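Take a look at the letters that make up each chain.
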Amino acid sequence: MSAPIAHRNLPQLLLKARETLLAHFRPIITHFGLTEQQWRVMRTLSEQGEMEPRQICEACQILSPSLTGVLLRMEELGLVERRRVPEDQRRMLVSLTPRSLDIIGRMAPLIEQQYRRLEEAVGKPLLDETYAQLDRLLSTRLDAVATVDLPPSDAPMSAPARRRKAASEDEARD
């Protein structure tokens, strides 16, 4: 039986690559009592400095409702601090605590050692090429790619889908 879709499943391949690579780092992350999302937030804040939650969502690829819980738990664990922006009390900034900086300091040599082992196993040229190709793919205007027109659906629309549809119809009217 031939597949009805000619293209390879790129999102699935990227997920598989992510899981395959993350398997090498997950033991380090869990050894320090962190979740993968907590580590992504900590690493991002350590590299970019304090950020607003929406910036963290974008940088870490964590949905806003999930990030709310992640940050709350991280704050309870003493890993991040949140503070209001003085000139705009509606805005919040998230920063690392001395405790999280200490954890990052202890994790960094292990993370770097694991990257060196990956380089030894697959070769630095392949990893460099992979970085370059992913950067190239992500720097293209993928958000400008038009989506296909969907036929009418018989399936009932979920509440979030109804809200998205209504919002896009409102935007189209404006």
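Scroll up to find the structure.
The present account deals with the structure reproduced in this document. (Residues numbered from 1 in each chain as written. Predicted model: local features only at pLDDT ≥ 70, side-chain atom pairs only at ≥ 80, totals over all residues. Heavy atoms only, no water.)

**Notes on the overall build of the protein**
Test applied: Segments assigned H or I by DSSP are reported as helices when at least four residues long, segments assigned E as strands when at least two residues long, and all are numbered from the N terminus. Buried means the residue's accessible area, taken with a 1.4 Å probe over protein chains only, is under 20% of the maximum for its type, while exposed means over 50%, and partly exposed covers the values in between. By definition, residues are in contact when any of their heavy atoms lie within 4.5 Å. Per-residue and other accessible areas follow the Shrake-Rupley method at a 1.4 Å probe size, with only the shown protein chains counted as cover for residues. A residue counts as positive if it is Lys or Arg and as negative if it is Asp or Glu; His and the chain ends are not included. Working definition for charges: the position is that of NZ of Lys, CZ of Arg, CG of Asp or CD of Glu.
The helix and strand inventory of the protein stands at 7 helices and 2 strands. Going from the N terminus to the C terminus, the protein shows its helices and strands as α-α-α-α-β-β-α-α-α. Burial status across the protein gives 24% buried among its 174 residues. Put simply, of all contacts in the protein between residues at least 6 apart along the chain, 47% involve residues at least 24 apart. A total accessible area of about 13,300 Å² is found for the protein, and carbon and sulfur atoms account for 57% of it. In the protein, 25 side chains carry a positive charge and 25 a negative one; their mean positions are 4 Å apart.

**Looking at the nonpolar core**
Short version of the rule: The nonpolar core is taken to be a set of buried Ala, Val, Leu, Ile, Met, Phe, Trp, Tyr and Cys residues, with the residues joined through side-chain atoms within 4.5 Å.
Core analysis: the biggest nonpolar cluster contains 29 residues, and Leu-34, Val-41 and Met-42 have the highest contact counts within it. At the level of secondary structure, the elements contributing two or more residues to this core comprise helix H1 (10-31), helix H2 (36-48), helix H3 (53-60), helix H4 (64-76), strand E2 (88-96) and helix H5 (98-122). When residues in this core are grouped by element, the largest group, 5 residues, is from H5. Filtering out sequence-adjacent residues up to four positions away, Val-41 remains in contact with Ile-56, Cys-60, Ile-62, Leu-67, Val-70, Leu-71 and Met-74.

**Here's the deal with the pattern of salt bridges**
To keep things clear, this is the line we draw: For this document, the term salt bridge refers to a Lys or Arg side-chain nitrogen within 4 Å of an Asp or Glu carboxyl oxygen.
For the structure on display, the rule yields 14 salt bridges. Here Arg-43 makes a salt bridge to Glu-47, at a shortest N to O gap of 2.6 Å. With Arg-43 and Glu-47 both in helix H2, this residue pair falls 4 residues apart, about one helical turn. For Arg-43, a relative accessible area of 31% gives the class partly exposed.

**Points about the state of the cysteines**
Note on terminology: a disulfide is the covalent bond linking the sulfur atoms of two cysteines. Selection criterion: By definition, disulfides here are pairs of cysteine sulfur atoms that lie within 2.5 Å.
On inspection of all chains with the given rule, the structure shows 0 disulfides. A disulfide-free cysteine, Cys-57 has its sulfur positioned 8.3 Å from the sulfur of Cys-60, the nearest such atom.

**A closer look at the packing of H2 against H5**
Operational definition: Each axis is a line fitted through C-alpha atoms, and for a helix only the stretch in contact is used; angles between axes span 0 to 180 degrees, taken between their N-to-C directions. Comment on the angle field: the value is read as roughly parallel under 35 degrees, roughly antiparallel over 145, roughly perpendicular from 65 to 115, and oblique elsewhere. In this count, Pro and Cys sit with the nonpolar residues alongside Ala, Val, Leu, Ile, Met, Phe, Trp and Tyr, while Asp, Glu, Lys and Arg are called charged and the others, Gly among them, polar.
Between H2 and H5, the shortest axis-to-axis distance is 11 Å and the interhelical angle comes to 95°. With respect to each other, H2 and H5 are oriented roughly perpendicular. Residues Trp-39, Met-42, Arg-43 and Ser-46 of H2 lie in contact with H5, whose contacting residues are Ser-100, Ile-103, Ile-104, Met-107, Ile-111 and Tyr-115. Residues that form the contact of H2 with H5 fall into these classes: 7 nonpolar, 2 polar and 1 charged.

**Examining the pairing of E2**
Along any regular strand, the residues point their side chains to alternate faces of the sheet. The test is simple: Strand pairing follows a simple DSSP-based rule, namely that at least 2 bridges must link the two strands.
Direction of pairing for strand E1 (residues 80-85) relative to E2: antiparallel, over a ladder of 6 bridges. Bridge pairing in E2 links Val-85 to Asp-88. Linking E1 to E2, which pair antiparallel, is a turn of 2 residues.

**Regarding the packing of H1 against H2**
At a minimum axis distance of 11 Å, the contact between H1 and H2 shows a crossing angle of 85°. Taken together, the axis directions place H1 and H2 in an arrangement best described as roughly perpendicular. Contacts between H1 and H2 pair Arg-18, Leu-22, Arg-26 and Ile-29 from the former with Glu-36, Trp-39 and Arg-40 from the latter. Split into classes, the residues belonging to the contact of H1 with H2 amount to 3 nonpolar, no polar and 4 charged.

**Structural notes on the side chain of Glu-52**
Tracing the chain through its elements places Glu-52 in the loop between H2 and H3. Setting aside its immediate chain neighbours within four residues, Glu-52 contacts Arg-91, Met-92 and Leu-93.

**Looking at the packing of aromatic side chains**
Our working definition: Classification of ring pairs rests on two measures: the distance between centres of Phe, Tyr or Trp rings, Trp counted by its six-membered ring, which must be within 6.5 Å, and the angle between planes, read as stacked under 30 degrees, edge-to-face over 60 and tilted in between.
A full pass over the atoms with the stated rule returns 1 aromatic pair. For the ring pair Phe-25 and Tyr-115, a centre distance of 4.6 Å and an interplane angle of 45° mean the geometry is tilted. Within this pair, whereas Phe-25 is found in helix H1, its partner Tyr-115 is found in helix H5, the two being separated by 90 residues in sequence.

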